[in-house]
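A closer look at the structure
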Amino acid sequence: MKKHIVLLPGDGIGTEVTSAAKTVLAAVAEEFDHTFTFESKDIGGIAIDNHGTPLPQDTTEACKNADAVLLGAVGGPKWDNNPSHLRPEKGLLGIRKELNLFANLRPVRGFSNLLHASPLKREVVEDSDLLIVRELTGGLYFGTPSERRNNGQSVVDTLAYERSEIERIVRRAFEAAMVRNKHVTSVDKANVLESSKMWREVVEEIKQEYPEVVTEHMLVDAAAMKLITSPTQFDVIVTENMFGDILSDEASVLTGSLGMLPSASLNEKAFGLYEPVHGSAPDIAGQGKANPLATILSAAMMLRHSFSMDVEAQRIESAVKQALDLGFHTPDLDIQDGHEVNTEKMTEVVIDLLKTDTTTSSIMSC
Ligand code: NAD
Ligand code: IPM
Ligand code: MN
């Protein structure tokens, strides 16, 4: 199969982890006789520096013409004091909106060899396997532009949703639950927010279409607590943009590192932008310390969701699991008696395992 993939490395460790995932995708293409072509475009801070805007037209066009997009991360201290329209983050929000990527799937799964890498107790983390379905193109992030202002004395951000925007993301969550453990937790702040009241109404309506699914509502503050005290009670969590952003970084603690969480940002069809949950990590950028697994696992999600290449996606996921089982890890993961390696070596290990598809590869001797 021929596929054209646009790479948006962005800033900081974004370039390191995207390069790692590209190498993995190239290895998959070779193994399975596919042709993947790659094209890199600027987004975020690098695009501000090179083109004077965080989202050049040329980048948007290239993404629209691609079969899928893989993004690293945007942002960094260099641009932190820029005016709002010249912030790297605007580029990411812009491309999500342009491509109508309203459904952000963030799976959180503990790998067995990382159970003790989490600061949480093993018995709390063990068997946790959840999916955060985050609304990605509405809510506070995209408040009504005419109402968004800051005159130095007063400031306004608006949280707006169309009913149809809530319906489509809630439906996506129920669809996901149907192929998982048939449990949806809708997270909101319905005791305070008007938007959350509508969110609850919509969930109550749509759940009628999925009688097999057990549905519950949970307030976001309590959900934040339960996520790390009893994570195994969750299967699919569906929530609005800002709550999903915060809860997913929190959920990464279950896996031992933010560098482990992949994501898929999808439109109504199978088109997607695949992106790790983490940011540009300026504190470790350029040092070879970045964990590439979140982006490599995002590439696996690309194969599954956009290209229907389930076997290929599984091959990547099982190579990642084997690499961790063999004790290989980047410095962000605290694995006892493991082999601490840099970004490049971690990627090489995954590729070697992917090619041999067996735990008894030459890597054992490293
Ligand atoms: P961050 O996610 O970049 O980093 C938080 C912490 O996690 C840091 O200590 C970092 O070193 C560590 N970390 C993150 N990813 C890692 C990885 N793959 N391997 C090892 N360690 C990793 O969040 P931040 O520091 O709050 O934000 C830095 C910049 O990134 C900001 O400009 C922010 O806006 C941006 N950001 C971008 C995205 C994105 O592009 N999707 C997401 C989040 C933050
Ligand atoms: C994420 C990031 C982004 C978000 C920022 C960089 C705009 O934190 O992808 O989780 O909040 O959506
Ligand atoms: Mn985030």
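Residues numbered from 1 in each chain as written. Chains lettered and ligands numbered in written order. Predicted model: local features only at pLDDT ≥ 70, side-chain atom pairs only at ≥ 80, totals over all residues.

1. Some details on the UniProt feature "domain: Isopropylmalate dehydrogenase-like" (unreviewed entry) in the chain
Using the following cut-off: UniProt positions are given in the numbering used here, feature names are shortened, and annotations may be inferred rather than shown by experiment. Helix and strand assignments come from DSSP, with helices taken as H or I runs of at least 4 residues and strands as E runs of at least 2, each series counted from the N terminus.
Taken from the UniProt record, the annotation "domain: Isopropylmalate dehydrogenase-like" (unreviewed entry) applies to residues 4-350. In the segment residues 4-350, helix accounts for 39% and strand for 18%; the C-alpha atoms at its two ends are 23 Å apart.

2. Side note on the environment of Lys 207
For the record, the criterion: Each residue is represented by a C-beta atom placed from its backbone, and any two residues with such atoms within 7 Å are regarded as in contact.
Looking at where Lys 207 falls in the secondary structure, it is placed in the loop between α7 (194-206) and β9 (214-219). Taking the C-alpha atoms as reference, Lys 207 lies 28 Å from Leu 99; in sequence the two are 108 residues apart. In this structure, Lys 207 is in contact with Val 213 and Thr 215, ignoring residues within four places of it in sequence.

3. Section: the domain arrangement of the chain
This is how the line gets drawn: Delimitation of the domains relies on an automatic or database domain assignment.
Segmenting the chain into domains produces domain 1 (1-111 + 258-366) and domain 2 (119-255). For domain 1 versus domain 2, the distance between C-alpha centres works out to 24 Å. Taken together, the contacts link 19 residues of domain 1 with 24 residues of domain 2. Top contributing element to the side of domain 1 that touches domain 2 by residue count: strand β4 (residues 103-109), with 7 residues.

4. Some words on the site of ligand 2
The criterion, for reference: Working rule for contacts: place C-beta from the backbone, and if it is within 6 Å of a molecule or strand, that residue counts as near it. All residues other than Ala, Val, Leu, Ile, Met, Phe, Trp, Tyr, Cys, Pro, Asp, Glu, Lys and Arg, Gly among them, are scored as polar; the first ten of these are nonpolar and the last four charged.
Residues in contact with ligand 2, as listed here, are Gly 75, Glu 89, Leu 92, Leu 93, Asp 245, Val 277 and Gly 279. Sorting elements by how many residues they give to the shell around ligand 2 places helix α4 (residues 88-98) first, with 3 residues. The class makeup of the residues in the shell around ligand 2 is 3 nonpolar, 2 polar and 2 charged.

5. Section: the site of ligand 1
Lining the immediate environment of ligand 1, one finds 22 residues, of which Gly 75, Gly 259, His 278, Gly 279 and Asn 291 sit closest. Taken together, the elements giving at least two residues each to the shell around ligand 1 come down to α1 (13-32) and α4. Class assignment of the residues belonging to the shell around ligand 1 gives a composition of 11 nonpolar, 7 polar and 4 charged.

6. Some points on unusual backbone geometry
In this structure, Asn 100 takes a positive phi of about 60° despite not being glycine. Looking at where Asn 100 falls in the secondary structure, it is placed in the loop between α4 and β4. Here the phi dihedral of Lys 182 falls at roughly 55°; this positive angle occurs in a residue that is not glycine.

7. Details of the sheet that holds strand β1 (residues 2-10)
The criterion, for reference: Two strands make a pair as long as DSSP finds a minimum of two bridges between them. The angle between two axes is taken between their N-to-C directions and runs from 0 to 180 degrees, where each axis is a line fitted to C-alpha atoms and a helix contributes only its stretch in contact.
The 10 strands lie next to each other as β2-β1-β3-β12-β11-β4-β5-β10-β8-β9, forming an open sheet whose pairing is mixed. Looking at which strands have only one partner, the edges of the open sheet turn out to be β2 (35-40) and β9. Taken pair by pair, the neighbouring strands of this sheet meet at an average axis angle of 25°, ignoring direction. As paired elements, β1 and β2 share 6 bridges and run parallel to each other. Within β2, the position partnered with Lys 3 by the bridge is Phe 36. Across the sheet, α7 touches β8 (183-188) and β9, and the angle it forms with β8 is around 165°. Packed on one face of the sheet, helix α10 (residues 293-305) meets β3 (68-73), β11 (264-266) and β12 (272-274) and runs near 160° to β12.

8. A word on the pairing of β1
How we decide: When the strands point away from the viewer and the connection leading from the first strand across the helix to the second strand turns clockwise, the crossover is called right-handed.
As for the winding sense of the linkage, the β-α-β connection from β1 through α1 to β2 is right-handed. Pairing of β1 with β3, which is carried by 5 bridges, proceeds in the parallel orientation. By the bridge assignment for β3, Gly 10 is matched with Ala 73.

9. Regarding α1
Spelled out, the test is: Multiply 1.5 Å by the residue count of a helix minus one, and that product is the helix's expected span. With C-beta atoms placed from the backbone, a residue counts as buried when 20 or more other C-beta atoms lie within 10 Å of its own, as exposed when 12 or fewer do, and as partly exposed for counts between those limits.
Over its 20 residues, α1 runs 29 Å from end to end, which matches the ideal 28 Å to within 8%, given 1.5 Å per residue. For α1, the full list of buried residues reads Ile 13, Gly 14, Thr 15, Glu 16, Val 17, Thr 18, Ala 20, Ala 21, Lys 22, Val 24, Leu 25 and Val 28. In this fold, the buried residues of α1 make contact with β1, β2, β3, α10, α11 (310-325) and α12 (343-356). One or two steps after α1, the chain reaches Asp 33, where phi turns positive at roughly 65°.

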